[in-house]
Amino acid sequence: MTPVFRILEIALGLVFLGAVAHHVALGDFRPLAAFALPILLVYFGFASQQYARAKAVSRRRGAPSRTAAEHAIQATVWHLLGVILGTSLYALVTQYGLGGAWLGLFAAPYALMQIGLLSFLRGLWAIAPQALTLPRW
């Protein structure tokens, strides 16, 4: 991994942590759901597009796309697990009127979604050399 990729991982991770921590601290979970579900569509759409590209080109040239697609599917699964766990915790917190220290439980769904984000970034990094080169005319 290059230093640029590590910096990108850390920066996006901190932005995501800040957004989640802000909404959990306020107890305002609706924007989190509105934020988390479209990300699943992006992950799944990226994986689908990369699988299609891998099938369309030769086996050797399609290898980075297959790798990116696998990472995107992993990101989708991790993120979905985080959304499901977060929704379940939200139901428990609102049903039983829990608050305060119980909000720390939301670190687990955040961690799952963070793993998803990092998997997705690794998928993007797998195709970055191909995507950033100019076509030869």
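In case you missed it, the structure is sitting above this.
Residues numbered from 1 in each chain as written. Predicted model: local features only at pLDDT ≥ 70, side-chain atom pairs only at ≥ 80, totals over all residues. Heavy atoms only, no water.

What's the story with the overall build of the protein in this structure? I'm lost.
Counting its secondary structure elements, the protein contains four helices and zero strands. Starting at the N terminus and walking to the C terminus, you meet the elements of the protein as α-α-α-α. Seen through its principal axes, the protein has C-alpha atoms that stretch 60 × 30 × 20 Å. Within the protein, contacts between residues separated by at least 24 positions form 74% of all contacts whose residues are at least 6 apart in sequence. For the protein, the exposed surface amounts to about 8,700 Å²; the carbon and sulfur share of it is 72%. (Helix = DSSP H or I, 4+ residues; strand = E, 2+ residues; numbered from the N terminus. Contact = heavy atoms within 4.5 Å. Areas by Shrake-Rupley, 256 points an atom, 1.4 Å probe, with all protein chains shown as cover.)

What should I look at first to understand the packing of helix 1 (residues 3-26) against helix 4 (residues 107-131) in this one?
Across the interface, helix 1 lies against helix 4 with an axial gap of 10 Å and an inter-helix angle of 150°. Classed by the angle they form, the pair helix 1 and helix 4 counts as roughly antiparallel. In this structure, helix 1 crosses over helix 4, and the sense of that crossing is right-handed. Together, Phe5, Arg6, Leu8, Glu9, Leu12, Gly13, Phe16, Leu17 and Val20 of helix 1 and Tyr110, Met113, Gln114, Leu117, Leu118, Leu121, Arg122 and Trp125 of helix 4 make up the contact between the two elements. Here the residues of the contact of helix 1 with helix 4 are counted per class, giving twelve nonpolar, two polar and three charged. (Axes fitted to C-alpha atoms, helices over the stretch in contact; angles between N-to-C directions. Parallel < 35°, antiparallel > 145°, perpendicular 65-115°, else oblique. Left-handed = near helix turned anticlockwise from the far one by under 90°. Nonpolar A, V, L, I, M, F, W, Y, C, P; charged D, E, K, R; others polar.)

Mind showing me how you'd approach the pattern of salt bridges here?
A side chain of one charge can pair with a side chain of the opposite charge if their charged atoms are brought near each other. Under the defined criterion, the tally for this structure stands at two salt bridges. In this structure, the salt-bridge partner of Glu9 is Arg6, at a minimum N-O distance of 3.1 Å. Here Glu9 and its partner Arg6 are both found in helix 1, three residues apart, which amounts to about one turn of the helix. Here Arg122 and Glu9 are joined by a salt bridge, their closest N and O atoms 3.0 Å apart. Linking Arg122 in helix 4 with Glu9 in helix 1, this pair joins segments that are 113 residues apart in sequence. On the basis of relative accessible area, Glu9 is assigned to the buried category, the value being 7%. (Salt bridge = Lys/Arg side-chain N within 4 Å of Asp/Glu carboxyl O. Buried < 20%, exposed > 50% of the residue type's maximum accessible area, 1.4 Å probe, protein only.)

Would you mind going over the side chain of His23 with me for this structure?
With respect to the secondary-structure elements, His23 resides in helix 1. When its relative accessible area of 18% is taken as the criterion, His23 is described as buried.

Please clarify how the nonpolar core should be interpreted in this entry.
As a rule of thumb, nonpolar side chains are buried together in soluble globular proteins. In terms of nonpolar packing, the biggest core is built from 25 residues, with Val24 and Phe106 touching the most fellow members. The contact partners of Val24, leaving out residues within four places of it in the chain, are Phe29, Leu32, Leu103 and Phe106. (Core = buried A, V, L, I, M, F, W, Y, C linked by side-chain atoms within 4.5 Å.)

Please explain the environment of Leu92 as it appears in this structure.
By the secondary structure assignment, Leu92 is in helix 3 (residues 59-96). Given a relative accessible area of 42%, Leu92 falls into the partly exposed group. When the C-alpha positions of Leu92 and Gln114 are compared, they lie 22 Å apart, and in sequence the two are 22 residues distant. For Leu92, the residues in contact, after removing those within four places along its chain, are Gly97 and Leu98.

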